[in-house]
Amino acid sequence: MKILLLLIGLACAQGTPTSPGASSVPPLPPVVDVTLKNGMRFLILERHVSPTVAFHTAYQVGAVYDVPGKTGLAHLFEHMIFKGTKTINTKDYKSEAKAMDRVEQVGKELILEQAKRQPDPERVKKLREELEAAQKDADQYIVPDEYERLYTQQGGTHFNAFTAEDETAYIVSLPSNKVDLWMTVEADRFRNPVLREFYRERNVVMEERRMNYESAPEGAMWSAFLASAFVAHPYHNEGIGWMSDIAHISRTDTEEFFKKYYGPNNAVVSIVGDVDAKKIIEQARAKFEDIPTRPVPPDLLSVEPEQKGERRTTVRFEAQPRLLIGWKKKDYHDKDQAAIEMIDGILSMGRTSRFYKNLVEGKKLAASIETSTDEPGRKFPGVFIVEAAPRHPATPQQLEAAIYEEIDRLKKEGPTEWEMEKVRNNEVVGLLHALDSNEGLAGRLADDQAVVGDWRDSWELVAKLEKVTPDDVKRVASELFEPDHRTVAYLLAPERSAKAEVKP
Amino acid sequence: VKSFIALALALAFVAPASANPPKLAPFPPLEFHPPKGVRVALANGMLLYLLEDHSVPLIRASALIRTGGVYDPEGKIGLADLAGRTMRSGGSQKYPADKMNELLEHLAASVETGMGLESGSAGFSCLSKDLDQTLDVFADVLLHPAFEKEKVEVERNKFLEALRRRDDDPREIARRESRRMLFGAGSPWGWRAEASTVKAVTIEDLKAFHAKYYRPSTISVAVAGDFDADTLIAKFKKAFGESPSAEAKKLEAPPAPPGPAARKVYLVDKPITQAAVRMVQFGFPRHDPDHFAYEVMNDILGGNPFISRLFSEVRSRQGLAYYAGSGFSEWTDTGMIMAAAGTKNETVVTTVSAIEKQIERMKNAPVTPEELKVAEDSIANSFVFNFTTPSQIISQRMSLDYYGYPADWLETYISKIRAVTAADVQRVAQRRLTPDSMLIYVVGDPKAFEKPLDEFGTVTKLKAEGAL
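Residues numbered from 1 in each chain as written. Chains lettered and ligands numbered in written order. Predicted model: local features only at pLDDT ≥ 70, side-chain atom pairs only at ≥ 80, totals over all residues. Heavy atoms only, no water.

### A few points about the overall build of chain B
No. 1: Within chain B, the regular secondary structure consists of 15 helices and 14 strands.
No. 2: Its C-alpha atoms give chain B a radius of gyration of 24 Å, near enough to 23 Å, the size a compact globule of 468 residues would have.
No. 3: Counting only C-alpha atoms, chain B reaches 65 × 60 × 40 Å along its principal axes.
No. 4: Split into buried and exposed, the 468 residues of chain B put 62% on the buried side.
No. 5: Counting only carbon and sulfur atoms, one obtains 55% of the accessible surface of chain B, whose full area is about 17200 Å².
No. 6: Measuring between centres, the 57 positive side-chain charges of chain B sit 3 Å from its 59 negative side-chain charges. (Helix = DSSP H or I, 4+ residues; strand = E, 2+ residues; numbered from the N terminus. Rg over C-alpha atoms; globule rule 2.2 N^0.38 Å. Buried < 20%, exposed > 50% of the residue type's maximum accessible area, 1.4 Å probe, protein only. Areas by Shrake-Rupley, 256 points an atom, 1.4 Å probe, with all protein chains shown as cover. Lys, Arg positive; Asp, Glu negative; His and termini not counted. Charge placed at Lys NZ, Arg CZ, Asp CG, Glu CD.)

Set out below in structure tokens:
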């Protein structure tokens, strides 16, 4: 399942032998797990395969912490922290700060004017011009793109960031002789960020929204699905935020968000590659330990009430039809999580999976069909989803009915031993494959620690799969796939063009 | 979209202590001698590239086969692609498809095949203990594919469904159609499969395609992982046979139409909030001496994420787009240069003009010494990332060989980049970039454009539904 990650830029894991059949879980990698006095956590894994190192910093704050009326704030902050510090991207911060104050003053006035029931178009126009002029004035103090250049010039790759519902992560890989660069720049960045050029970058984020959610069918369907499936919990909102909300966010709001959530004690950093763990700890202490701890606000988020009946939603879009079905599931830490992972594999892993064999081949109703266990996040109870594209001339309705037939058969008959063994073997070997990449490992360690509270999660989950029985699968499938707990989204062409279709 | 093929060999990186950001001590030197692996030519003509790595009990292989989509016959465009899809999924002589699926998936192993423009591809991965079984399947798939009728129809229908869905995503329309309009719908460099051409492909066509292009002498395989090289060579000899196969013919790439073309502007009317803008022109083939200077130039113009001129100006300074950049593709006989951005309908003309301005600027004035240094440092310092895993190292060695790069390509790469001067950059910009004749392709909602696109030339209007 492709989750639409909000990236700052475009896009752009060792063990011992095992024997499937009696698949055994690879041993935990020798991660050095250190928490500094201020609560900042470092997970370090030495891999001396090539002289490179991957850094992955995950803050335990994501789009779910956005407040109503200002959705998109967490993601907008992620963009803004690429804009430098009090010493990076600036020629003279003191003078610049004054010029930035003027920008902010006009920016806030413009937000207030535009939010009025009947904005005065003359005043909006005038304020826009003033904003532009104020930004131009502040430009004289800017050293454009200096932060990005520091990494790029030194050979940085995989340089990016993403905001998920439950976390925000900052990523870069460097040649391993440049650990100092990362330590120095990142310590400055998360201590002294300066959100310069705010209103320009806000426009960039609006373009990101237009691209991924307004002009792309999958994004449009995904937004509508979430808004229907979750009524109280903030999983209701797509992380990019509603367009009008983005337009209401000021630099001041964004700075406050930083102060509230970006304490060192809310961060997990994983560093994987050609490094000396002892030395990394020393450097981390020297650079990061004196950043003061900040109280992390409690998770006072609305709790999603039990769903009492199927929900359906339709999105009209100039595109061929698609569908998305999601069932509310229990918390990721529930004892049945491993059985759900097993169900996921039985339904959609490979050409022997039930969905592929029976719906893509067999009944020939689907062009593609995928499942995913925990959307849109793992920190709070989410949904198990099936996403599919019907194959002409099959309709979404026919495909939907066939999906339920497969699910009902799993509920009634349970899985075969062969299917379960296949899933276990693939999960074990999948972990071995994951050991081949600094970036993949770093992401897995930091994300699992930040979102589900334990970097060992991948290994433990694979171990738990060993204990899942056919009866567990049957029972959990019956509980999970409850019709009253599901939400169904269709993406359909506007009626006029659906009729006028002249496609082969 | 750099066509920088993953690059290997006896390389020693000694990166000198370079200019540092403020307050940092000089970086220690980075010394690295990536393993090069071995290249073995078997008596049957197959080329093997092997690199042992015993850290994980896995073996991974990738293969290139001398064929490709550009050699399709005109009435059957999509033949090579369909063959690439079905060679594996249609089963083989010894392993009927369903049995093969069960066998491999239970081992958590994989064998796959595919098709590129100028190469066929294949690969396998498995636990090292399952090598014999997996290699047997891999060889049978490459030498004796069965093209089972039912599986071929499944793939054909997936293909047809993909064609039906090809106008769903505006960026995909712009990518595909701009190239098609540049090279022409009748040129293999521009054409696309249609339902009729895909339906015209018979099972006999697939078998004939395989017989024509697939035999040990047309196949190169790069293998990395937990094996003993001598033992593996013996296993390959056994699996693929030892008798010589007919030598691989040098394939003649179809000619590209002559360029440069006159300026053309295309507009696809689609009711979306963000217009996809793509500008394309003819480029240059691989092995062109301009490659290194052009690579540096493109890095500065729009290739480098975050700091290129297009990114910096169109995105960061003007807030017009989320993506804005440039790239180039090099093929045997021809190439393509492109720039792209996505912007709200209300700023389409502004964005096209902003891209044009940066292209003109690249031609009209030399880059600054600072820009040149940052670009060259960036390419040189990140070079080590071409050598991060054994499978990456060995497959790039194979790939360079396949495309005829000289043996010292990797060893001399950095020095050739370092030798590029600001004058070289301006020279290739002037020689290669032709903004006046660049084809402009826009997918968006013209009702909301701030001005008509006419100022860039005569606009050909198209509808997404059916007319493309």
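### A few points about unusual backbone geometry
Residues and elements named next belong to chain A.
No. 1: Here Glu-375 and Pro-376 are connected by a cis peptide whose omega angle stands at -5°.
No. 2: As for its position among the elements, Pro-376 is in the loop between strand S10 (366-375) and strand S11 (383-390).
No. 3: With an omega of 5°, the peptide bond between His-392 and Pro-393 qualifies as cis.
No. 4: If you trace the backbone, Pro-393 turns up in the loop between S11 and helix H13 (396-413).

### Focus: the interface of chain A and chain B
Interface size is commonly expressed as the accessible surface area that is lost when the partners come together.
No. 1: Counting residues at the interface gives 84 residues for chain A and 79 residues for chain B.
No. 2: Contact between chain A and chain B buries roughly 7500 Å² in total, counting both sides, with carbon and sulfur atoms accounting for 58%.
No. 3: Taken together, chain A and chain B are joined by 11 salt bridges.
No. 4: Where chain A packs against chain B, one counts 28 residue pairs in polar contact (both at pLDDT 80 or more). (Contact = heavy atoms within 4.5 Å. Buried area = accessible area lost by both parts, 1.4 Å probe. Salt bridge = Lys/Arg side-chain N within 4 Å of Asp/Glu carboxyl O. Polar contact = N/O pair within 3.5 Å; in protein donor to acceptor, adjacent residues only side chain to side chain.)

### Overview of the side chain of Asn44(B)
All names here are of chain B.
No. 1: Relative to the assigned elements, Asn-44 resides in the loop between strand S3 (38-41) and strand S4 (47-52).
No. 2: Residue class for Asn-44 comes out buried when judged on its relative accessible area of 1%.
No. 3: Setting aside residues no more than four positions away along its own chain, Asn-44 makes contact with Pro-216, Ser-217, Phe-240, Gly-241, Glu-242, Ser-243, Pro-244 and Ser-245.

### Considerations on the confidence of the model for chain B
Residues and elements named next belong to chain B.
No. 1: Per-residue pLDDT for chain B averages 92, and the proportion of residues at 70 or more is 94%.
No. 2: Ignoring residues within four places in sequence, the model shows residues 1-21, a span with pLDDT below 50, making 75 contacts including any to other chains.
No. 3: For this predicted complex, the interface confidence comes out at an ipTM of 0.93, alongside a pTM of 0.94. (pLDDT = per-residue confidence, 0-100.)

### A look at empty space enclosed by the protein
Vacant regions in the atomic arrangement are exposed by a probe of water-molecule size rolled over the atoms.
No. 1: As a volume, the second largest cavity reaches approximately 70 Å³.
No. 2: Every residue along the wall of the second largest cavity is listed here: Asp436(A), Asp53(B), Ser55(B), Val56(B), Leu58(B), Arg60(B), Ala224(B), Gly225(B), Pro390(B) and Ser391(B).
No. 3: For the lining of the second largest cavity, the secondary-structure elements that each account for two or more residues are strand S5 (58-65), strand S8 (219-225) and helix H13 (390-402) of chain B. (1 Å grid on protein atoms, 1.4 Å probe; cavity = no way out; pocket = protein on both sides within 12 Å on 5 of 7 lines; lining within 4 Å. Points joined across faces, edges and corners; volume = space filled by probe spheres on them.)

### Some words on the pattern of salt bridges
No. 1: Under the defined criterion, the tally for this structure stands at 83 salt bridges over all chains.
No. 2: Note that Glu495(A) and Arg316(A) form a salt bridge whose closest N and O atoms lie 3.1 Å from each other. Taken together, the residues span a long stretch of sequence, with Glu495(A) in helix H18 (residues 495-499) and Arg316(A) in strand S8 (residues 311-316) at a distance of 179 residues.
No. 3: Take Glu495(A): its relative accessible area is 51%, and that puts it in the exposed class.
No. 4: Linking Asp336(A) and Lys335(A) is a salt bridge whose minimum nitrogen-to-oxygen distance equals 3.3 Å.
No. 5: Residues joined in a network through salt bridges with shared partners are Arg166(B), Asp167(B), Arg176(B), Glu177(B), Arg180(B), Arg192(B) and Glu194(B).

### Observations regarding the packing of aromatic side chains
No. 1: Applying the stated criterion across every chain yields a total of 48 aromatic pairs over all chains.
No. 2: Centroid distance Tyr147(A) to Tyr151(A): 5.5 Å. Interplanar angle 75°. Geometry classified as edge-to-face. Separated by 4 residues within a single helix, Tyr147(A) and Tyr151(A) lie in helix H4 (residues 146-153), roughly one turn from each other. Of the two residues, Tyr147(A) and Tyr151(A), neither departs from the other in class, the shared state being buried.
No. 3: Through a chain of ring-to-ring contacts, three or more aromatic side chains come together here, namely Tyr59(A), Phe77(A), Tyr170(A), Phe190(A), Phe258(A) and Tyr262(A).
No. 4: Here the guanidinium or amino end of Lys328(A) rests over the ring plane of Phe230(A), the centre of that ring lying 5.2 Å away.
No. 5: Geometry around Tyr402(B) places Arg66(B) over its ring, the cationic atom sitting 4.0 Å from the centre. (Phe/Tyr/Trp six-rings, centres within 6.5 Å; stacked < 30°, edge-to-face > 60°. Lys NZ or Arg CZ within 6 Å of the ring centre and 35° of its normal.)

### A closer look at the layout of surface pockets
Residues and elements named next belong to chain A.
No. 1: What the largest pocket holds in volume is close to 630 Å³.
No. 2: For the largest pocket, the lining is made up of 18 residues, of which Arg-128, Leu-131, Glu-132, Tyr-199 and Asn-203 are closest to its centre.
No. 3: Elements represented by at least two residues in the lining of the largest pocket include exactly helix H2 (93-115), helix H3 (121-139) and helix H6 (198-214).
No. 4: Residue classes in the lining of the largest pocket are distributed as 6 nonpolar, 6 polar and 6 charged. (Nonpolar A, V, L, I, M, F, W, Y, C, P; charged D, E, K, R; others polar.)

### Examining the nonpolar core
When a protein is soluble and globular, its nonpolar side chains tend to lie buried together.
No. 1: If you look at the biggest cluster of nonpolar residues, it comprises 175 residues, and the most contacted ones within it are Trp182(A) and Phe236(B).
No. 2: Residue contributions to this core peak at 8 residues, all from helix H3 (residues 131-143) of chain B.
No. 3: Not counting residues within four places of it along the chain, the set of residues in contact with Trp182(A) comprises Phe42(A), Phe55(A), Thr57(A), Tyr151(A), Val172(A), Leu174(A), Ala187(A), Val269(A), Ile271(A) and Phe288(A).
No. 4: Leu267(B), Met362(B), Ala375(B) and Phe456(B) belong to the second largest nonpolar core, which has 67 residues in total. (Core = buried A, V, L, I, M, F, W, Y, C linked by side-chain atoms within 4.5 Å.)

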